[in-house]
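These are the residues of each chain, in order.
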Amino acid sequence: MRKSILVIEDQDDNRRILRDLLTSAGYEVIEAVTGEDGVTAAETYRPDLILMDIQLPGLDGYEATRQIKANRALRQIPIIVVTSYALSGDDVKAFEAGCNSYVSKPFSPRELLAKIREYLQ
Amino acid sequence: MKIRSLRFKINVAIFITCLVIAIIFGTILYPFEIRRHDSHVKKIELLLDTIFQQKYEDIANEIFAGQKRALALTLKDMLKVEGIAAISIYMPDGKLFLSTDTVLSKYFEKQSRNLSANSASFVTQSYQGKSLGIYSREIMVIGQKIGDIDIYYDFQELIKETRLSVTIFFTLLLTTLILMSALLNFMLSRFVIRPVSLLRKAINKIQDGYLGETVALPFEDEIGKMGLAFNEMSVKLNEGQVALKKAEENYRSIFENATVGIYRSTPDAKGQLLTVNPAFAQIMGYASPDEVVKNITDIKSQCYVNASDRDRLQQLLRDQGAVQGFEAQLYRKNGEIIDVSMSARVIRNESNQILYYEGILENITEKKQASQFRIEKEAAEAAAQTKSEFLANMSHEIRTPLNAILGYTELVLDGIYGDVPENIQEVLQRVAKNGHHLLGLINDVLDLSKIEAGQLVLSLNDYSMQEVVQTVFTAVESLAAEKNLELKVSVSSELDSGKGDEQRIVQVLLNLVGNAIKFTEAGEVRLEVKDSNGTFLVSVSDTGPGLSEVDKQRIFEEFHQADSSRTRKKGGTGLGLSIAKRIVEMHGGRIWVESDLGKGSTFWFTIPVRVDRQTEQK
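The structure contained in this document is the topic of the report that follows. (Residues numbered from 1 in each chain as written. Chains lettered and ligands numbered in written order. Predicted model: local features only at pLDDT ≥ 70, side-chain atom pairs only at ≥ 80, totals over all residues. Heavy atoms only, no water.)

As for the overall build of chain A
Within chain A one finds five helices and five strands. Along its sequence from the N terminus, chain A presents helices and strands in the succession β-α-β-α-β-α-β-α-β-α. A separation threshold of at least 6 residues defines the contact pool for chain A, and within that pool the share at least 24 residues apart is 60%. Roughly 5,500 Å² of accessible area belongs to chain A as shown, and the carbon and sulfur atoms make up 45% of that amount. (Helix = DSSP H or I, 4+ residues; strand = E, 2+ residues; numbered from the N terminus. Contact = heavy atoms within 4.5 Å. Areas by Shrake-Rupley, 256 points an atom, 1.4 Å probe, with all protein chains shown as cover.)

Listed below in structure tokens is the structure:
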């Protein structure tokens, strides 16, 4: 059975890049555009992993991460946060919100896949 | 009213007392004396009558016979009786017949006689200052009047007696008076006048300002008690005075040492200063308060830059009685203009007339300038804030599409969309490289602008230097391996736990090591960390081309690179070192480079092991 990954990302291009990358790597990709939708999709589809963008309209990535990690049923789903800039301090805040790992833009597709595979063996 | 001494009054009282006693005694004794006098006179009359009866026969016969000589002898015999001064015999027609004292008889000759037979009269008459009793009787022979006889009795003895008793009475009275007066005067002096005079002297001393003066009185009577009360009062007065003085000194000290000017001025249109404190003089540029009072005689025209301010102040004071924080511009003595803030109030007398103004004066020139400066600074900060917000937004806006470009490019290169011919792969690699350069540039510009806007705040936490080095090593390991460079790390094993902004320190070190790898074509890159005296000493050495003297001086400036043509080839932004320098300095450290052309470079930096406070950037 194929592993499913929930991509929460508001930027079309970024979403497409991730979808193309992950699909070609053999994963099922579920997409959400806003933080609220992302949390709902996590509850609905129970993905195997979540890629969370930080800068989202409305509910931002930190808060969405916090909500998912606060849900007992979803808590074990690994969340990889995608920060915009490694040295901006976003990563610290992301870990505080409860994420499992982070990559910063621009990420190399190979690095991201390596990180995903750590969680989806 | 004339002021009399106590002694005089007491003596007058004694005198009046004695006078009253004399009058009362006199009134009581007078009738007794009269009665005694009368009975005495009666006795004398009886005596004279007896003598006359004894001699009546002889006298009658001798007159009748006209025997003047015998009569004279008889009369002379009668004169022997004590008190009888003279005897006269008158003819029935009233003419003197015979007298023992002719002068006296002549004097009384004309006295009319109106005596009935056998009746005698006894009257008192005054003669030559003497009081004489005159016993008169008709001499009858066989019913026929043959003459009159007058026997003159001198009352001298009686008067002497009366006088003596009066004298004794008054002598006694006077003696009593003198004795009483003397005793009372003595008592008065000892018990009243002397203590009172002592008290008066003490009171005079207090009047002269010797508060606390006490008096020692010899007796514990009413005056003695008064003295004790006086002493108590004096001591209390002194205590009160001392307390008052202290309080006054306190207020004076406040007045003298206040840093705000304190003044009192006249309420007229011009205004004159009555009293000022040293701070007032200092604010107005005068040497002393006296100089201020002497020189400023027209506040309105001498001090006010705008005379209308003074009118406005006066209007406010008249209307409201007090003004707070009234701001105006004044001239100092040397003509300099200062901004002052005044608080003043009106002092009125009982009939509600304005006596003067009093208030405080504060020089707010610097405060005003400071607030002006603050306004400017706030504006500058707001501008910087706007600028950095703009930059943050811009960099995000630029980065987003750039990330997409880089993402797609890498996917294409990774063959996700199918095989890519080799020549296109090469072009796409150039696209990726330029894209990464642009992204680095944007990130650096953002960092630098944050630092310059003073918005880069270090997050100071505990960190381990070993971990910092490990992070950097992991990040650059593959880069070094790609260029076949040896990456050597030497960290002393017992480094203290540091405090600082770990990410920023990583950034600095990553920049230095990254540069070293980037510019070194062969050889090694060495990273060393030591600590001494609470400071980490970090060095990054390479075997690269080295730096010229000029480059060494300018390498930490923005957008400067040793060789710009080479930079483009290497893909640096020229901002990394200046950002590193700022970060090190914000940690209170120092960064520098040692290098010789052709012999490689060593970048050094120090940061305190424990950084508790961010060092402000100039």
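There is more to say after this.
A short note on the pattern of salt bridges
One pass over the structure, following the stated rule, counts 33 salt bridges over all chains. Between B:E213 and B:K205 there is a salt bridge, and its shortest N-O distance comes to 4.0 Å. Overall, the relative accessible area of 24% leaves B:E213 in the partly exposed class. Sharing partners across several salt bridges, the network here consists of A:D12, A:R15, A:R19 and A:E31. (Salt bridge = Lys/Arg side-chain N within 4 Å of Asp/Glu carboxyl O. Buried < 20%, exposed > 50% of the residue type's maximum accessible area, 1.4 Å probe, protein only.)

Considerations on the environment of B:T365
Residues and elements named next belong to chain B. Mapped onto the fold, T365 is located in helix α10 (residues 365–413). Spatially, the C-alpha atom of T365 lies 5.7 Å from that of I338, the residues being 27 residues apart in sequence. Leaving out residues up to four positions away in the same chain, T365 has contacts with I338 and D339. A distance of 2.9 Å separates a polar atom in the side chain of T365 from the backbone nitrogen of D339. (Polar contact = N/O pair within 3.5 Å; in protein donor to acceptor, adjacent residues only side chain to side chain.)

Some words on helix α1 (residues 6–65) of chain B
The largest bend in α1(B) is about 55 degrees, located at B:K55. Remark: B:G66 follows α1(B) within two positions and exhibits a positive phi of approximately 70 degrees. (Bend = angle between axes of the 7 residues up to and from the residue.)

Points about the packing of helix α4 (residues 156–207) of chain B against helix α5 (residues 222–257) of chain B
Residues and elements named next belong to chain B. Where α4 meets α5, the axes come as close as 10 Å, and the angle between the chain directions of the two elements is 10 degrees. For the element pair α4 / α5, the angle class is roughly parallel. Residues F191, V192, P195, V196, L199, A202, I203 and I206 of α4 lie in contact with α5, whose contacting residues are I223, M226, G227, F230 and S234. Taken together, the residues of the contact of α4 with α5 break down into eleven nonpolar, two polar and no charged. (Axes fitted to C-alpha atoms, helices over the stretch in contact; angles between N-to-C directions. Parallel < 35°, antiparallel > 145°, perpendicular 65-115°, else oblique. Nonpolar A, V, L, I, M, F, W, Y, C, P; charged D, E, K, R; others polar.)

Re the interface of chain B and chain A
Between chain B and chain A, the contact holds 20 residues from the first and 21 residues from the second. Roughly 1,800 Å² is buried in total at the junction of chain B and chain A, and carbon and sulfur atoms are behind 57% of that figure. Linking chain B to chain A there are one salt bridge. In this structure, the salt-bridge partner of A:R110 is B:D414, at a minimum N-O distance of 3.3 Å. Across the contact surface, chain B and chain A share three residue pairs in polar contact (both at pLDDT 80 or more). At the level of secondary structure, the elements contributing two or more residues to the side of chain B that touches chain A comprise α10, α11 (422–452) and α13 (502–519) of chain B. With ten residues, the top contributor of residues to the side of chain B that touches chain A is α10(B). Its residues placed into classes, the side of chain B that touches chain A shows seven nonpolar, eight polar and five charged. (Buried area = accessible area lost by both parts, 1.4 Å probe.)

Remarks on empty space enclosed by the protein
Counted according to the given criterion, the structure contains three cavities of 30 Å³ or more. Considering only enclosed or pocket space, the largest cavity measures out at about 130 Å³ in volume. The wall of the largest cavity is formed by 14 residues, among which B:Y263, B:F280, B:I299, B:Y304 and B:M342 lie closest to the centre. Elements represented by at least two residues in the lining of the largest cavity include exactly β6 (261–265), α6 (278–284), α8 (299–303), α9 (307–320) and β10 (354–363) of chain B. What the second largest cavity holds in volume is close to 100 Å³. As for the second largest cavity, its lining consists of A:N14, A:I17, A:K105, A:P106, A:F107, A:S108, B:N403, B:L406, B:G407, B:E410 and B:H436. For the lining of the second largest cavity, the secondary-structure elements that each account for two or more residues are α1 (12–24) of chain A together with α10 of chain B. No other element matches the four residues that α10(B) contributes to the lining of the second largest cavity. (1 Å grid on protein atoms, 1.4 Å probe; cavity = no way out; pocket = protein on both sides within 12 Å on 5 of 7 lines; lining within 4 Å. Points joined across faces, edges and corners; volume = space filled by probe spheres on them.)

Looking at the sheet that holds strand β3 (residues 49–53) of chain A
Residue and element names in this part refer to chain A. Taken in spatial order, the five strands make up an open sheet running β2-β1-β3-β4-β5, and their pairing is parallel. Edge positions in the sheet fall to β2 (28–32) and β5 (101–104), since each has one partner strand and no second. Neighbour-to-neighbour, the strand axes of this sheet turn through a mean angle of 20 degrees, independent of strand direction. In terms of strand pairing, strand β1 (residues 4–8) meets β3 through four bridges, oriented parallel. In the sheet register, I5 faces β3, and the bridge partner there is L49. Packed onto the sheet, helix α2 (residues 35–45) meets β1, β2 and β3 and runs at close to 165 degrees relative to β1. Running over the sheet, helix α5 (residues 109–119) touches β1, β3, β4 (79–83) and β5 and is turned about 170 degrees from β5. (Pairing = 2+ DSSP bridges.)

Digging into the packing of aromatic side chains
All names here are of chain B. A full pass over the atoms with the stated rule returns ten aromatic pairs over all chains. On the basis of an interplanar angle of 75 degrees and a centroid distance of 5.2 Å, the ring pair of F169 and F170 is categorised as edge-to-face. With 5.7 Å between their ring centres and 50 degrees between their planes, Y263 and F280 make a pair best called tilted. Linking Y263 in strand β6 with F280 in helix α6, this pair joins segments that are 17 residues apart in sequence. Judged by relative accessible area, which is 9%, Y263 ranks as buried. Relative accessible area serves as the criterion here: at 5%, F280 is assigned to the buried category. Taken together, the ring pairs in this structure connect F25, F169 and F170 into an aromatic cluster. (Phe/Tyr/Trp six-rings, centres within 6.5 Å; stacked < 30°, edge-to-face > 60°.)

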